[in-house]
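Structure assessment
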Amino acid sequence: MRLMREQGADIRFADIAREMGVSAPALYRYFADRDELLSAIIADGFHDFAATIADALDASPADDLNARVQAMGRAYRRFAVSDPQRFSLLFGLPVPGHAARADTAAVDANVTAMANFEQLVRSVIDNDALPSPLVTDVGPAIANEVQTIQAPAGARIPAATYQALLHTIAAVHGFACLETFGHLGWISEQARDDLFDAQIKLLAQVMGAPSDSTKH
């Protein structure tokens with residue numbers, strides 16, 4: 001990861017071996033090729049990302065939807081801006097020459113991350129505080145698929161609420177990308193903080209948090 005931060009994601013076994021003081025062929029005792037190494041790094045990144053989201057939600061009240069939206073959003077943003085190169089490796093364009101594999105651990109780690117996102121709202125439902133999302137119309141495709149993609153454990157999340165969760169994740173991710181990749185550099189850091197605070201309040205309403213709990 002240090003090499004990637006210094007010179008980008010297009011690293012070679014020879015670069016890694018030189019830093020480690022070993023021969024490049026020695027690395028093949030641990031990884032079959034560079035694709036396997038990159039997949040392992042990506043999987044590790046998604047595991048850390050999932051843990052970051054889980055820890056943030058675990059520290060917030062289980063029945064307070066507004067607090068949980070804020071906890072998730074702020075944790076997501078911190079993960080992105082704290083290590084832009086790693087965030088880009090997980091969510092940016094594919095690394096040149098890296099053949100994505102559907103059966104890699106990275107896919108499983110990404111699924112784990114999504115299951116943690118589900119806990120944002122599932123714990124609220126478990127505490128008999130079913131949200132009323134801002135948008136209740138759900139297309140037939142998403143209505144069908146959200147029932148099959150949910151983690152098997154725990155209460156089932158209604159389609160409209162799951163759709164609102166996806167809207168929220170997409171909005172937070174979009175902000176994180178704009179900021180991490182330098183597209184919000186035209187406003188000050190304080191202005192970005194203020195803008196993000198406003199977005200979190202908006203997303204809490206999208207998710208269906210009570211209006212009197214959207215005050216930050």
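Preceding block: the structure.
Let me begin by describing the structure that accompanies this report. Just so you know, these numbers come straight off a predicted model, no measurement behind them. (Residues numbered from 1 in each chain as written. Predicted model: local features only at pLDDT ≥ 70, side-chain atom pairs only at ≥ 80, totals over all residues. Heavy atoms only, no water.)

Some points on the overall build of the protein
- Looking only at helices and strands, the protein features ten helices and zero strands.
- Buried positions account for 44% of the 216 residues belonging to the protein.
- Across the protein, the fraction of contacts at a sequence separation of at least 24, relative to all contacts at a separation of at least 6, is 72%.
- Here the protein displays about 11200 Å² of accessible surface, and carbon together with sulfur accounts for 56% of that area. (Helix = DSSP H or I, 4+ residues; strand = E, 2+ residues; numbered from the N terminus. Buried < 20%, exposed > 50% of the residue type's maximum accessible area, 1.4 Å probe, protein only. Contact = heavy atoms within 4.5 Å. Areas by Shrake-Rupley, 256 points an atom, 1.4 Å probe, with all protein chains shown as cover.)

Topic: the nonpolar core
- One finds Phe49, Ile53, Met72, Tyr76, Leu120 and Met207 to be the most contacted residues of the largest nonpolar core, which totals 54 residues.
- Among the secondary structure elements, those contributing two or more residues to this core are helix H1 (2-7), helix H2 (13-20), helix H4 (34-58), helix H5 (65-82), helix H6 (84-91), helix H7 (105-126), helix H9 (159-180) and helix H10 (189-207).
- Of the residues forming this core, the biggest block, ten residues, is contributed by H4.
- For Met207, the contacting residues outside a window of four places in its chain are Leu65, Val69, Leu120, Val121, Pro131, Ser132, Pro133, Ala164, Leu165 and Thr168. (Core = buried A, V, L, I, M, F, W, Y, C linked by side-chain atoms within 4.5 Å.)

Concerning the pattern of salt bridges
- Evaluated as defined, the whole model comprises twelve salt bridges.
- Among the salt bridges present, the one from Arg2 reaches Glu6, with a minimum N-O distance of 3.1 Å. Placement of both Arg2 and Glu6 in helix H1 is noted, with a separation of four residues, approximately one turn of the helix.
- According to the relative accessible area criterion, Glu6 is exposed, its value standing at 55%.
- One salt bridge in this structure joins Asp197 and Arg74, with 3.0 Å as the shortest N-O distance. Of this pair, Asp197 sits in helix H10 while Arg74 sits in helix H5, placing them 123 residues apart in sequence.
- Asp197 gets classed as buried once you look at its relative accessible area, which sits at 19%.
- Arg74 gets classed as partly exposed once you look at its relative accessible area, which sits at 21%. (Salt bridge = Lys/Arg side-chain N within 4 Å of Asp/Glu carboxyl O.)

Here we look at H10
- In this model H10 runs 27 Å from its N-terminal to its C-terminal C-alpha over 19 residues, within 8% of the 27 Å that 1.5 Å per residue would give.
- Buried residues of H10: Arg192, Phe196, Asp197, Gln199, Ile200, Leu203, Ala204, Val206 and Met207, and no others.
- Looking one or two residues past H10, Gly208 carries a phi angle of roughly 105°, positive in sign. (Expected span 1.5 Å × (residues − 1).)

Points about the packing of H9 against H10
- Across the interface, H9 lies against H10 with an axial gap of 9 Å and an inter-helix angle of 170°. By the angle between their directions, the pair H9 and H10 is classed as roughly antiparallel. Where H9 approaches H10, its residues Ala164, Leu165, His167, Thr168, Ala171, Val172, Phe175 and Glu179 are matched on the opposing element by Arg192, Leu195, Phe196, Gln199, Leu203, Val206 and Met207.
- Among the residues making up the contact of H9 with H10, the classes are represented as ten nonpolar, three polar and two charged. (Axes fitted to C-alpha atoms, helices over the stretch in contact; angles between N-to-C directions. Parallel < 35°, antiparallel > 145°, perpendicular 65-115°, else oblique. Nonpolar A, V, L, I, M, F, W, Y, C, P; charged D, E, K, R; others polar.)

Describing the environment of Cys177
- Looking at the element boundaries, Cys177 is found in helix H9.
- Residue Cys177 is classed as buried on the basis of its relative accessible area, which comes to 17%.
- Separated by 85 residues in sequence, Cys177 and Gly92 place their C-alpha atoms 8.8 Å apart.
- Those residues in contact with Cys177, other than ones at most four positions away along the chain, are Phe87 and His183.

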